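Observations on the three-dimensional arrangement
Spelled out, the chains give:
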Amino acid sequence: MLDHIAYAAPDLEAAVAGLEMRLGVRAAAGGKHRGLGTHNALLSLGEGVYFEIIAPDPDQPAPSQPRPFGLDDGGPPRLAAWCAKAPDIDERVARARAAGYDPGGVLALGRDRPDGTSVTWRFTFPTGAGDGLVPFLIDWGDSPHPSLDAPRGCTLVSLRGEHPRPQAVVPLLKALEVELDVAPGPAPALVLLLDTPNGQVELR
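Notes on the structure in this doc start here. (Residues numbered from 1 in each chain as written. Predicted model: local features only at pLDDT ≥ 70, side-chain atom pairs only at ≥ 80, totals over all residues. Heavy atoms only, no water.)

Examining the nonpolar core
Core analysis: the largest hydrophobic core is formed by 44 residues, its most contacted members being F51, I53 and W82. Here this core takes five residues from helix α1 (residues 12-23), the largest share from any one element. Counting residues in hydrophobic clusters, the runner-up holds 19 residues, among them A8, A80, C83 and I138. (Core = buried A, V, L, I, M, F, W, Y, C linked by side-chain atoms within 4.5 Å. Buried < 20%, exposed > 50% of the residue type's maximum accessible area, 1.4 Å probe, protein only. Helix = DSSP H or I, 4+ residues; strand = E, 2+ residues; numbered from the N terminus.)

Remarks on the environment of D11
Within the secondary structure, D11 sits in the loop between β1 (2-8) and α1. Classification of D11 by relative accessible area gives partly exposed; the value is 41%. In the structure, D11 is positioned 94 residues away from G105 in sequence and 29 Å away in space, judged by C-alpha atoms. For D11, the side chain forms a polar contact with the main-chain nitrogen of E13, separated by 3.3 Å. (Polar contact = N/O pair within 3.5 Å; in protein donor to acceptor, adjacent residues only side chain to side chain.)

Quick look at the pairing of strand β9 (residues 155-163)
Both faces of the sheet carry side chains from a regular strand, because those side chains alternate between them. As judged from the seven bridges shared by β9 and strand β11 (residues 189-196), these two strands associate in the antiparallel manner. Of the residues in β11, the one forming a bridge with L159 is L192. Of the pairings in the sheet, the one linking β9 to strand β10 (residues 182-184) comprises three bridges and is parallel in character. From the neighbouring strand, G161 faces β10, where its bridge partner is V182. (Pairing = 2+ DSSP bridges.)

What to know about the layout of surface pockets
A probe as big as a water molecule, rolled over the atoms, marks out the empty space that is left. Considered as a void within the structure, the largest pocket measures approximately 430 Å³ in volume. Lining the largest pocket are 26 residues, and of these A80, A81, G128, D131 and G132 sit closest to its centre. Listed by contribution, the elements that provide at least two residues to the lining of the largest pocket are β5 (78-85) and β11. Broken down by element, the lining of the largest pocket gets its largest block of residues, four residues, from β5. In terms of residue class, the lining of the largest pocket is built from 16 nonpolar, five polar and five charged. Here the second largest pocket defines a volume of roughly 170 Å³. Surrounding the second largest pocket, 14 residues form its lining, A29, G30, L42, R113 and D149 being those nearest its centre. With three residues, the single largest contributor to the lining of the second largest pocket is strand β2 (residues 28-33). (1 Å grid on protein atoms, 1.4 Å probe; cavity = no way out; pocket = protein on both sides within 12 Å on 5 of 7 lines; lining within 4 Å. Points joined across faces, edges and corners; volume = space filled by probe spheres on them. Nonpolar A, V, L, I, M, F, W, Y, C, P; charged D, E, K, R; others polar.)

A short note on the environment of D142
Inspection of the secondary structure puts D142 in the loop between β8 (136-139) and β9. On a C-alpha basis, the gap between D142 and F123 in space is 14 Å, while along the polypeptide they are 19 residues apart.

Let's talk about the pattern of salt bridges
Counted according to the given criterion, the structure contains 18 salt bridges. Between D88 and R92 there is a salt bridge, and its shortest N-O distance comes to 3.7 Å. For D88, the salt bridge is made with R95, and the minimal N-O distance between the two is 3.1 Å. Exposure remark for R95: the relative accessible area of 35% places this residue in the partly exposed category. When salt bridges that share partners are traced, they join D88, R92, R95 and E177 into one network. (Salt bridge = Lys/Arg side-chain N within 4 Å of Asp/Glu carboxyl O.)

Looking at unusual backbone geometry
Most peptide bonds take the trans form, and the phi angle of most residues other than glycine is negative. Despite not being glycine, D131 has its phi angle at roughly 60°, a positive value. Locating D131 in the fold gives a position in the loop between β7 (118-124) and β8. Of note, E177 is a non-glycine position whose phi angle comes to about 65°, a positive value. Here E177 lies in the loop between α3 (166-175) and β10.

Quick word on the packing of aromatic side chains
For the structure on display, the rule yields five aromatic pairs. Each ring, one from F123 and one from F125, has its centre 6.2 Å from the other, and the planes form 55°; the classification is tilted. What makes F125 partly exposed here is its relative accessible area of 21%. (Phe/Tyr/Trp six-rings, centres within 6.5 Å; stacked < 30°, edge-to-face > 60°.)

Listed below in structure tokens is the structure:
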């Protein structure tokens, strides 16, 4: 089940402003990922689902490992990844490995919210498998889900993928026990359709 969609950008404030013009809703600051070198802003897409704008944090030193979603490579803002709920994350990883796909080890991470509180979760670090069409997994444990207090106004209509070779992506999705409609396309892409105050908006 879909947990959230990551929109990678080189500059957080610029991306928030640009999306506000398109969507009619302004994302709220989510906080800083200490040690990862990133910060984010969030929009709720309905109960249990949210939209994350993530960018390098200029106030943090460069991390020891590359930032996720190709953020160190620059490039224009884009849909970079999606994340699936996995309250059984350890078992899900084991089953995926048995099915022939290794989503990576389960890591712990946290975020300092602007109000000073911390949120923690366990997740598999995004690998870029399937050119970003294969999700990473997350388990929020006892932490409140970000969709509960992120700004509302946009709702999810659909999320789909495009890929020059869909048949290369489908087995990985099956190994993770998730579903995503992947159609032939000239380049790998996630395609998100939202209902917004400005009408239906498609993001890639």
